[in-house]
Amino acid sequence: MLSFEQAPPISASFRFLLTAPWFGVAAGLLFAWSGPAALTSRWTPSALALTHLLTTGFMLQAMCGALLQFMPVATGTSIWSPLLLASLIHPVLLVGATTLAFSLGTALPGLLTASELLLGAGLGAFCATSAIGLFRTPATGVSLLALRTAVAGLAVTTVLGLLLAHAISGHPIMAVPALTDLHAAWGLGGWAFMLLAGVSFTVVPMFQMTPRYPPWVPRLLPIALGVSLGAAALAAIEWQQTWPWILAISLAVLCAIAFALITLQLQHRRRRVRTDATFSLFRGAMITLVAAGVCWFAPLFSPDVASASWLSPCIGILCLVGVFVSAINGMLYKIVPFVCWLKLSLPSYSSIAPPSIKMFIPERAMIGQARLHFLATALLLACLVFPPLAPPAGIVFAISCAWLGTNLLGACRVYVNFKDRNRADAGDRGS
Amino acid sequence: MGEIASAMAGHHAQCDDLFAAALIQASQGSWDNAASEFKHFHHEMEVHMGDEEAVLFPAFESTTGMQAGPTTVMRLEHDRMRTLLTQIELALTARDAERLDGYMSTLLILMRQHNLKEENVLYAMLDAALHDHAGELIAQLGLGRK
C-alpha cells in the first residue's frame, strides 16, 4: 500500500547521518598513525581496516540514513516502521562496522565472527525491509530502478562479505583474492555507485537546478551495471579473474565514467549562478570518478603503470575519498538542513515560520569544510608519491570529517533551539 | 501518462522555468526584474495549487472515499509553500539578498520534492480514479490563463 505520510521521524534517519562523519575521523586518525605502511599493499591490516572504516562505517551509515529519508519522495512509500527499524539496525551496524575494522586491523578471529553476525543481521534486516517498500510500490520515478538495483547490490555485497569472512577463518569456497575483488566490485559498483546514481537522478536537478537526466540514463544504467557485475561474478567463479573479469569490470567502469560525464555536463547547464558547497563537492566527486576510471584503463596503455604499486591505492583513494565521501558530504549539507526545516514547519511543531534552510549551517562553515576536504584528498593522493606525507594527510582528513560532523550537529542545535523557543512562546501565550 | 498527469506535470515545468527566471534576476541583483518575474511565478503557483485543492482533490476524495490520504499531505505542503512565497515577497520588498536566497533555496527543494511525489504517485492515482471525467475536470482548471 502507498504510504504518503510525511518523511520518517527525524531521529530515524539522523542517527545514521550524524554518525557517518565520525567513522571518517577514525579512518583519518588510523591513517595518520599507520603512516606509509597503509599504502604498501591493500592486504595490510591497516589498509583493510581503513577501507572498512570508510565503506562499512562512513558510507554505509550515510547511505542507510539517506535511503530512509529519500524513499518516500522517490517512491511514495517508506520503509516499514522506520523508527523501530532504525532503533534496532543502527546500533547493530555501528558496532558491527567498528568490530569489523578492529578485527581486520588486529587479525583477531573472534572479533571477525562477531562482526560477521552483527553486519549480516543488520544488513539483512535493512535489505529486506527496503526491498519490500521498493519492489511493492506501484509508483514510477526516475530513481526507482536504480534504487532497487542498489538494494540488491547491497544484499549481494553482504553475502560476499560473509563468505569472505568464512574464507579468512579457514573455510574458503573460492580463492580469497578473487572473492575480495568480487566483494569490492559489488560493494563499490552494485551498492554504492548505484545508490549514488539513483539518488542523483532525482536530487541533482532538485538541488542544483540542472536539466533532468536524459530518460535513457536512469533506464539503461542499472541494467548495464547489473549485467557487467553479473558477468564479473561469473568470470571470478569460472575463470579465476582472467580477461573475462577485466572485460566485465571495464564495462562497469565505462558506465561510471559515462554517468560522471553526463552529470558534469548537466551541472554546466544549470540555471543557478551561485556555487555552494554541495555543488562544489558533487562536481569534485564526478571529476574524481572520471579520474578513477582513467586509472583503471591506464594499464592498457602503459605496462609500467600496470605493474606500479601505487595504482591500486590510488584508485582506492579516488573512489572512497574523492568520489563517495565528497558526494555524501555534499548531500548531507542539503538533506540535514532541509529535514530540520521540514519538521519545524509542521503546524504541530510551530506557529512561527522557521528560518530558511541556510540558517541551519553557516555557508562559510560549509565552504571552509569542503575546501579542507579537497585539500585532504589531494594530500592523500600525494602520499603515493611522497609517503612521509601520510601522518599530516590523515590528520587533515580527520579534521575535515570532524568539521563536517560538528556542522551537522550545529544544524540539530538550531532545530532544537527553535523548537524550545516556540514551545516557550506557546506556553507564554497560553498562560 | 494520463490526461491529468500530462496537464499538471506540464504546468510544473512551466512554474520551474518561471522560478528559475526569478532566481537568475535576483542573483544578478536586478531587484525590479526579480520582483516582476516572481509575481508571475507566484500567480501561476496559486493557480496550480488552487486547481488541485478546488477541483482535482475534491473529485478524487469523493470518488475514492480517501479523505485522509495523499491529498491531505499535499494540502499541508501547499500551506508550507504559501508561507515561503510570502516570506520571499517580503525579502524582495526589503531587497534582502541573504534572506531571499535562503527562502528561495528552501522553496526550491520543497517544491521539487512535492512535484516529484505528485508526478511519481499522485497524478497516476488521479488519472486512474477520475479517467471518466478527466476532460471535464481539465476544462475547469485555470492553468495557463492570465
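Now for a quick tour of the structure. These numbers come from a predicted model, not from an experiment.

With that out of the way, let us pick up the overall build of chain A. The secondary structure content of chain A amounts to 14 helices and zero strands. Traced from its N-terminal end to its C-terminal end, chain A shows the element sequence α-α-α-α-α-α-α-α-α-α-α-α-α-α. Computed over the C-alpha atoms, the radius of gyration of chain A is 21 Å, within 12% of the 22 Å expected from 2.2 N^0.38 for a compact globule of 431 residues. Principal-axis analysis of the C-alpha atoms gives chain A an extent of 75 × 50 × 50 Å. Going through the 431 residues of chain A one by one, you find that 59% of them count as buried. Of all intrachain contacts in chain A linking residues separated by at least 6 positions in sequence, the fraction that spans at least 24 positions is 78%.

The next point concerns the overall build of chain B. Helix and strand content of chain B: five helices and zero strands. Reading chain B from its N terminus to its C terminus gives the helix and strand order α-α-α-α-α. Principal-axis analysis of the C-alpha atoms gives chain B an extent of 50 × 25 × 20 Å. Across the 146 residues that make up chain B, the buried fraction comes to 55%. Taking as baseline every contact in chain B between residues at least 6 positions apart, the subset at least 24 positions apart corresponds to 76%. Here chain B has roughly 5,900 Å² of accessible surface; of this, 53% comes from carbon and sulfur atoms. Chain B carries 10 positive and 22 negative side-chain charges, and their two centres are separated by 6 Å.

What follows is about the interface of chain B and chain A. Contacts between the two partners involve 32 residues from chain B and, on the opposite side, 35 residues from chain A. Both faces combined, the contact of chain B with chain A buries some 3,100 Å², and carbon together with sulfur accounts for 64% of it. Close ionic contact of Glu 119 of chain B with Arg 212 of chain A constitutes a salt bridge, the shortest N to O distance being 3.6 Å. Of all the elements in the fold, those that place two or more residues in the side of chain B that touches chain A are α1 (3-27), α3 (70-94) and α4 (97-130) of chain B.

This part takes up unusual backbone geometry. The backbone of Met 209 of chain A shows a phi angle near 55°, a positive value even though the residue is not glycine. Met 209 of chain A gets classed as buried once you look at its relative accessible area, which sits at 1%. In this structure, Arg 95 of chain B takes a positive phi of about 55° despite not being glycine. Here Arg 95 of chain B lies in the loop between α3 and α4. Overall, Arg 95 of chain B belongs to the partly exposed group, its relative accessible area being 46%.

On to the pattern of salt bridges. Pairing of side chains with opposite charge becomes possible as their charged atoms draw close. Summed over all chains, the structure comprises 16 salt bridges over all chains. Measuring nitrogen to oxygen at the nearest pair gives 3.1 Å for the salt bridge that ties Arg 82 of chain B to Glu 53 of chain B. Highlighted residues: Arg 82 of chain B in helix α3 and Glu 53 of chain B in helix α2 (residues 31-64), separated in sequence by 29 residues. By sharing partners, the salt bridges in this structure join Arg 274, Lys 358 and Glu 363 of chain A together with Asp 101 of chain B into a single network.

Another point: a nonpolar patch on the surface. Residue and element names in this part refer to chain A. A surface patch of nonpolar side chains, amounting to about 490 Å² of accessible area, comprises Leu 145, Trp 216, Leu 220, Ile 223 and Val 227. The element contributing the most residues to the nonpolar patch is helix α8 (residues 216-238), with four residues. Secondary-structure assignment places Ile 223 in helix α8. Looking at Ile 223, the relative accessible area reads 48%, which means it is partly exposed.

Ser 200 of chain A marks where helix α7 (residues 176-208) of chain A bends most, by close to 45°. Where burial is concerned, most of α7 of chain A is hidden: 29 out of the 33 residues are buried.

Next up on the list: the packing of aromatic side chains. Residues and elements named next belong to chain A. For the coordinates displayed, the defined rule picks out seven aromatic pairs over all chains. A centroid spacing of 6.1 Å and a plane angle of 75° characterise the contact between Phe 201 and Phe 259, whose relative ring orientation is edge-to-face. Highlighted residues: Phe 201 in helix α7 and Phe 259 in helix α9 (residues 243-268), separated in sequence by 58 residues. The same class applies to Phe 201 as to Phe 259, namely buried. Following the ring pairs from residue to residue traces out a cluster consisting of Phe 193, Phe 201, Tyr 213 and Phe 259.

Let us look at the side chain of Thr 99 of chain A. Looking at the secondary structure, you find Thr 99 of chain A in helix α4 (residues 82-106). The residues touching Thr 99 of chain A, leaving out its near neighbours within four places in the chain, are Leu 111, Ala 114, Ser 115 and Leu 118 of chain A.

Time to look at the packing of helix α5 (residues 109-136) of chain A against helix α6 (residues 144-168) of chain A. All names here are of chain A. Here α5 crosses α6 at 160°, and the two axes come no closer than 10 Å. Between α5 and α6, the interaxial angle falls into the category roughly antiparallel. As α5 packs across α6, the resulting crossing turns out to be left-handed. Contact with α5, carried on its side by Leu 112, Glu 116, Leu 119, Gly 120, Leu 123, Phe 126, Cys 127, Ser 130, Ala 131, Leu 134 and Phe 135, involves Leu 144, Leu 147, Arg 148, Val 151, Leu 154, Ala 155, Thr 158, Leu 162, Ala 165, His 166 and Ile 168 of α6 and no other residues of that element. When its residues are assigned to classes, the contact of α5 with α6 shows 16 nonpolar, four polar and two charged.

Turning to the environment of Gln 25 of chain B, a few remarks are in order. Residues and elements named next belong to chain B. Positionally, Gln 25 belongs in helix α1. Taking C-alpha positions, Gln 25 is 28 Å from Ala 7, a pair spaced 18 residues apart along the chain. The residues touching Gln 25, leaving out its near neighbours within four places in the chain, are Ser 30, Asn 33, Ala 34 and Glu 37.

The rules we used
- Residues numbered from 1 in each chain as written.
- Chains lettered and ligands numbered in written order.
- Predicted model: local features only at pLDDT ≥ 70, side-chain atom pairs only at ≥ 80, totals over all residues.
- Heavy atoms only, no water.
- Helix = DSSP H or I, 4+ residues; strand = E, 2+ residues; numbered from the N terminus.
- Rg over C-alpha atoms; globule rule 2.2 N^0.38 Å.
- Buried < 20%, exposed > 50% of the residue type's maximum accessible area, 1.4 Å probe, protein only.
- Contact = heavy atoms within 4.5 Å.
- Areas by Shrake-Rupley, 256 points an atom, 1.4 Å probe, with all protein chains shown as cover.
- Lys, Arg positive; Asp, Glu negative; His and termini not counted.
- Charge placed at Lys NZ, Arg CZ, Asp CG, Glu CD.
- Buried area = accessible area lost by both parts, 1.4 Å probe.
- Salt bridge = Lys/Arg side-chain N within 4 Å of Asp/Glu carboxyl O.
- Patch = residues over 30% accessible without salt bridge, like charges linked within 9 Å, V, L, I, M, F, W, Y side chains within 5 Å.
- Bend = angle between axes of the 7 residues up to and from the residue.
- Phe/Tyr/Trp six-rings, centres within 6.5 Å; stacked < 30°, edge-to-face > 60°.
- Axes fitted to C-alpha atoms, helices over the stretch in contact; angles between N-to-C directions.
- Parallel < 35°, antiparallel > 145°, perpendicular 65-115°, else oblique.
- Left-handed = near helix turned anticlockwise from the far one by under 90°.
- Nonpolar A, V, L, I, M, F, W, Y, C, P; charged D, E, K, R; others polar.

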